[in-house]
Amino acid sequence: MSSLIKKIIVANLFFFTSICCNNKTHEHTHSKKQTSSLKNTFHNDFFIGAAINQNQILGQDSMAKLLLKKEFNSITSENNLKWMYIEPSPNNFNFVISDKFVALGEKNNMYIVGHTLVWHSQIADYMNEITDSVRMANYMESHIRALVGRYKNRIHSWDVVNEALNEDGSLRESIFYSLLGEEYIENAFRLAAEVDPKAELTYNDYNLCKPSKREGVIKLVQNIQKNGAKIDAVGIQAHWNLNDPPLDEIEKTILAFSKLGVKVMFTELDVSVLPNPWELEGVDENQNFQQFEGNTKMNPYPLKLPDSIQVQLTKRYEQIFALFLKHQEKISRVTFWGISDKQSWLNNWPIKGRTNYPLLFDREYQKKDAYMGIINQKKQTQF
Ligand code: 9MR
C-alpha cells in the first residue's frame, strides 16, 4: 500500500477533506508548474512544520510570512500556548494570540500543533504555590478542558505532556508529579481525548535518542496504553548538533517508538554548530553559564559561518533526511524549531548572545546549502 493511501486511512475525516484532498490537488498542479518547496518535496512523506513566534503569528515578520506560506504545511506556536501566557492567573485565559495562531494555520490549510498542555516549565507563578493535590488536579483539568475545548477540531495535534522524564528515564519531580503521582500523565491524555477525540495526542521530550531516556518513554507510552488511555504519537524534539546523536541511535529510536504502535514526529528540529560549555573540562551541565557570555571561544562565528562548517551542517541535514525518508512510513511530521537562524532560541541557549546557524534559512531568510541538500535527498530516492 502506498504511503499516501496509508496516511489517508489513519487520518481522521477532517484531514481527509482538508489536507489529503489538498495534497492531491498539489499533485495535479505539479505537472503544470514545478514549484519547488519543502512542503511539496516531502508532500507524500510527512508534514513539514515550523515553530513560529509571536511576531510571526501577528504577521509582523513579512519575510517569515512568505516563507511560511511557501515552504511549510504545519505550524507550532513556539511560546504563546504555554501556561504562563495563556492562563496567567487561575481561570483567566488570554486567547488573543492563540486565536490568531489557529486562524493563520487554517487560512493556509496547515496541520496545527498545540504546544503544550502540561509542562513543568513556563508555568504560571500561581501554580508553584499549590500544595494540595485536589487543587492541582482541578487546575490541570480545567486548563486542558479550556484549551482543547476551545480549539476542538481546529488544533490537529496536542503536545499533551512535555518533558516529564529525567535523563535516566525516571519521572521528573515536577509540580505535577510530586502532587499527583505518575497518573497525572495518563489522566492528561484521557482528558484531552475526551474533549477532542479526533486530535492526535503526543508525548514530547528531548534527548530521546539516548538509550536510557528512550527506554523511559517506551515505559511511559506502554503504561498509558495499558491503562486504556489514548496516545497517538511520540514527539522527538531533535535539538541536535553536528555529531550528536549518532544516526544509528536516531534510527533505533524511530523503530522503537513505531513498534509501540504510535506515530513518530520530529517536533523541534535544529542542528547547533556551536560548542557547548559542558564539553569543557571541569564544567558540568547544571552550572550557570553566565560566565561564558561574551567569550569569543564559545561564540566562534559571530559574523559568518565558515564554509567548512556550512559543509558539515549540510551533510548532517542530508544524512538526517535520508534516514527520515527511509522511515517515512513511520514518521508523520518533521517540524523545525523556527524558520530562520535569526529567530532561533539557540542564539541564547545555553549561553546568551551567541550567533548560531541551526536552521535551513539564514538571517536574511535565504536558503542555506542544507535546504538544497535535503531536497536532493528526496530527488535521489525518486530514481
Ligand atoms: O524556543 C522557546 C524559547 O523561546 C523559550 O524561551 C523557551 C523557554 O523554556 O522555550 C523554548 O522552546 C522549548 C520548547 O517549548 C520545549 N522544548 C525545548 C524548546 C527549546 O528550549
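Residues numbered from 1 in each chain as written. Predicted model: local features only at pLDDT ≥ 70, side-chain atom pairs only at ≥ 80, totals over all residues. Heavy atoms only, no water.

Undergrad: Describe the overall build of the protein, with residues and values.
TA: Looking only at helices and strands, the protein features 15 helices and nine strands. Projected onto the principal axes, the alpha-carbon positions of the protein cover approximately 55 × 55 × 40 Å. Pairs at least 24 residues apart make up 78% of the contacts formed inside the protein by residues separated by at least 6 positions. On the protein, roughly 17000 Å² of surface is accessible, and the fraction owed to carbon and sulfur atoms is 51%. (Helix = DSSP H or I, 4+ residues; strand = E, 2+ residues; numbered from the N terminus. Contact = heavy atoms within 4.5 Å. Areas by Shrake-Rupley, 256 points an atom, 1.4 Å probe, with all protein chains shown as cover.)

Undergrad: Outline the nonpolar core, listing residues and values.
TA: Membership of the largest hydrophobic core comes to 106 residues, with the highest contact counts inside it found for Met127, Trp158, Phe266 and Phe321. Not counting the four nearest positions on each side in its chain, phenylalanine 266 is found in contact with Ile236, Ala238, Trp240, Ile250, Ile254, Phe324, Ile331, Arg333, Val334 and Thr335. (Core = buried A, V, L, I, M, F, W, Y, C linked by side-chain atoms within 4.5 Å. Buried < 20%, exposed > 50% of the residue type's maximum accessible area, 1.4 Å probe, protein only.)

Undergrad: Quick rundown of the layout of surface pockets? Include the residues and the values.
TA: Once rolled over the atoms, a probe with the size of a water molecule shows which space is left empty. Of the voids in this model, the largest pocket is the one considered here, and its volume is about 1100 Å³. Every residue lining the largest pocket is counted, 40 residues in all, and those nearest its centre are Tyr206, His239, Trp278, Trp345 and Trp349. Elements with a contribution of two residues or more to the lining of the largest pocket: β3 (111-119), β7 (239-241) and β8 (263-272). The class makeup of the residues in the lining of the largest pocket is 16 nonpolar, 13 polar and eleven charged. (1 Å grid on protein atoms, 1.4 Å probe; cavity = no way out; pocket = protein on both sides within 12 Å on 5 of 7 lines; lining within 4 Å. Points joined across faces, edges and corners; volume = space filled by probe spheres on them. Nonpolar A, V, L, I, M, F, W, Y, C, P; charged D, E, K, R; others polar.)

Undergrad: Describe helix α5 (residues 62-71), naming the residues involved and giving the relevant values.
TA: Among the residues of α5, those classed as buried are Ala64, Leu67, Leu68 and Glu71. The buried residues of α5 occupy one face: seen down the axis, they fall within an arc of 100°. Among the exposed residues of α5, those oriented more than 90 degrees off its buried face are Ser62, Leu66 and Lys69. (Arc of directions from axis to C-beta.)

Undergrad: Could you give an account of the pairing of β3, naming the residues involved and the relevant values?
TA: A large share of β3 lies buried, amounting to nine of its nine residues. Sheet topology places strand β2 (residues 74-77) next to β3; three bridges connect them, and they run parallel. Bridge pairing links isoleucine 75 to isoleucine 112 in β3. Relative to strand β4 (residues 157-162), β3 runs parallel, the two being bridged by five bridges. (Pairing = 2+ DSSP bridges.)

Undergrad: Account for the site of the ligand, naming residues and giving values.
TA: Lining the immediate environment of the ligand, one finds 13 residues, of which Glu78, Lys82, His115, Glu268 and Trp337 sit closest. In this structure, a nitrogen atom belonging to the ligand sits 3.0 Å away from a side-chain N or O atom of glutamate 163. Here a nitrogen atom of the ligand sits 3.0 Å away from a polar atom, N or O, in the side chain of glutamine 237. Protein contact buries 76% of the 450 Å² of open area that the ligand shows by itself. The cavity where the ligand resides is the largest pocket. In terms of residue class, the shell around the ligand is built from three nonpolar, six polar and four charged. (Near = heavy atom within 4 Å. Polar contact = N/O pair within 3.5 Å; in protein donor to acceptor, adjacent residues only side chain to side chain. Sits in = over half its atoms within 2 Å of the grid points.)

Undergrad: Go over the pattern of salt bridges, please, and point to the residues and values.
TA: Inspection of the entire model under this criterion finds 17 salt bridges. Arginine 145 is paired through a salt bridge with glutamate 141; the nearest N and O atoms lie 2.9 Å apart. Placement of both arginine 145 and glutamate 141 in helix α9 (residues 133-150) is noted, with a separation of four residues, approximately one turn of the helix. For arginine 214, the salt bridge identified is with glutamate 249, shortest N-O distance 3.1 Å. A residue pair is termed long-range when its members are at least 10 positions apart, and arginine 214 in helix α12 (residues 211-226) and glutamate 249 in helix α13 (residues 247-259) qualify at 35 residues. When its relative accessible area of 7% is taken as the criterion, arginine 214 is described as buried. (Salt bridge = Lys/Arg side-chain N within 4 Å of Asp/Glu carboxyl O.)

Undergrad: How would you explain the packing of aromatic side chains if you had to name every residue and give the values?
TA: Within the structure shown, the criterion is met by 22 aromatic pairs. Each member of the aromatic cluster is reached from another via a ring pair, and the members are Phe42, Phe46, Trp240, Phe266, Tyr317, Phe321, Phe324 and Phe336. Stacked on the ring of tyrosine 206, the Lys or Arg lysine 213 has its end atom at 3.6 Å from the ring centre. The ring of tyrosine 357 has arginine 363 lying over it, and the distance from NZ or CZ to the ring centre is 5.1 Å. (Phe/Tyr/Trp six-rings, centres within 6.5 Å; stacked < 30°, edge-to-face > 60°. Lys NZ or Arg CZ within 6 Å of the ring centre and 35° of its normal.)

Undergrad: Describe the environment of phenylalanine 289, listing the residues and the values that go with them.
TA: Turning to its location among the elements, phenylalanine 289 is positioned in the loop between β8 and α14 (307-326). For the pair formed by phenylalanine 289 and valine 273, sequence separation is 16 residues and the distance between their alpha carbons is 18 Å. The residues touching phenylalanine 289, leaving out its near neighbours within four places in the chain, are Pro277, Trp278, Val283, Asp284, Pro350 and Ile351.

Undergrad: Got a sec to walk through the side chain of aspartate 341? Specific residues and values, please.
TA: Along the chain, the position of aspartate 341 falls in the loop between β9 (331-336) and α15 (369-381). Within the local environment of aspartate 341, its side chain forms a polar contact with the backbone nitrogen of leucine 359, the two atoms lying 2.8 Å apart. For aspartate 341, the contacting residues outside a window of four places in its chain are Asn347, Asn356, Tyr357, Pro358, Leu359, Phe361, Asp362, Arg363 and Lys368.

Undergrad: Summarise the packing of α9 against helix α11 (residues 183-195); cite the residues concerned and give the values.
TA: Contact geometry of α9 with α11 gives a least axis separation of 9 Å together with a crossing angle of 35°. Between α9 and α11 lies a crossing whose hand is right-handed. Along its contact with α9, which presents Met140, Glu141, Ile144, Arg145, Val148 and Gly149, the element α11 presents Tyr184, Asn187, Ala188, Leu191, Ala192, Glu194 and Val195. Taken together, the residues that form the contact of α9 with α11 break down as eight nonpolar, two polar and three charged. (Axes fitted to C-alpha atoms, helices over the stretch in contact; angles between N-to-C directions. Left-handed = near helix turned anticlockwise from the far one by under 90°.)

Limitation: the analysis is restricted to geometry and does not speak to function.
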